[in-house]
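Overview (structure and organization)
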Amino acid sequence: MSVLEEIIAGVREDLAWREERVSLDQLKERASRIPSAKAAEAYLSHKDHRTVSIIAECKRSSPSKGNLAAITDPAALAQQYESGGAAAISVLTEERRFSGSLADLDAVRRAVDIPILRKDFIVTPYQIWEARAHGADIVLLIVAALEQTVLTSFIERVHSLGMTALVETHDREEARRALDAGARVIGVNARNLKTLEVNRNVFDQVVDILPSRITRVAESGVRGPQDVVAYARSGADVVLVGEALVRSADPHAMMKEMVAAGQHPSLEAMER
């Protein structure tokens, strides 16, 4: 069994526990009472000029690195990200491997005004409703975890609820599947979910088949501002940063450095 399969098996067990306690009808009722989702694509993409947006992540641990940061107050961390210039906040809600929770999502939603991404392993429509009921504006959908008909259905469901689907891919074939399924925001993850190895060249190998109308997100492998610039030069519109921020002694300062890197003068010169 691959790492991805093991994670999904655990996700399904935890999901069954939540479904016993909160019905789908209860989630729908809760979703009807909260403000509409923010138009995340407007926050993320700057097609008119060469500015790269940053999605900053609240992540305590990962299968590849183990414990990363305690993050006793995810709301405070998210506020540091927002004040540092983040375009959106990614919140891990998977419990077993990433030490996340829906409570973290709630806390961050109360603390910031920018879009928030529910980052998890979505395998049922219940989780999409869960994301909206807890205030998410963006939902991660992983191509490798979903059959094509399910992927298409999930993208449609996310969009119908006013949210944005960030559709994660790892190679050219998955990117084609994302396009065929109707994705408007496509992530290319440098981390192989089967081996957990990082290959920063993956984005370069995939980006050329993503049309300019697509918001292109580079995920994983960001060690510092120089990697933001490298991804931007390769054609990324957005860079998702996790480990480098949560391990920083000063996340706010690091966030500002990442944002500045995404506005580097050399990137503007590329468009002339």
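Everything here concerns the structure above.
Below: a short report on this structure. Since we're looking at a predicted model, the values are computed, not measured.

Take Glu174: it is sitting in helix H8 (residues 172-180). Polar contacts involving the side chain of Glu174 include one to the main-chain amide nitrogen of His170, which spans 2.8 Å. Residues in contact with Glu174, not counting those within four places in the same chain, are Val143, Ala144, Glu168 and Thr169.

Spatially, eight strands are ordered E1-E4-E5-E6-E7-E8-E9-E10 in a closed barrel, and the strand pairing comes out parallel. Strand-to-strand twist in this sheet, taken as the mean axis angle between neighbours without regard to direction, amounts to 25 degrees. Pairing between strand E6 (residues 138-142) and strand E7 (residues 164-169): five bridges, direction parallel. From the neighbouring strand, Leu140 faces E7, where its bridge partner is Leu166. Where helix H4 (residues 74-83) meets the sheet, it contacts strand E1 (53-58) and strand E4 (88-92), and its direction lies at approximately 165 degrees from that of E1.

It is worth spelling out the pairing of E7 at this point. Buried residues dominate E7, accounting for six of its six residues. Side chains Thr164, Leu166 and Glu168 of E7 all project onto a buried face; the interleaved residues Ala165, Val167 and Thr169 project onto the opposite face, where all are buried too. The parallel pair E6 and E7, bridged by helix H7 (residues 148-160), forms a crossover whose chirality is right-handed. Alignment of E7 against strand E8 (residues 185-189), held across four bridges, turns out to be parallel. Bridge pairing in E8 links Val167 to Ile186. Remark: the E7/H8/E8 crossover connection has right-handed handedness.

What counts and how
Residues numbered from 1 in each chain as written. Predicted model: local features only at pLDDT ≥ 70, side-chain atom pairs only at ≥ 80, totals over all residues. Heavy atoms only, no water. Helix = DSSP H or I, 4+ residues; strand = E, 2+ residues; numbered from the N terminus. Polar contact = N/O pair within 3.5 Å; in protein donor to acceptor, adjacent residues only side chain to side chain. Contact = heavy atoms within 4.5 Å. Pairing = 2+ DSSP bridges. Axes fitted to C-alpha atoms, helices over the stretch in contact; angles between N-to-C directions. Buried < 20%, exposed > 50% of the residue type's maximum accessible area, 1.4 Å probe, protein only. Right-handed = clockwise from strand over helix to strand, strands pointing away.

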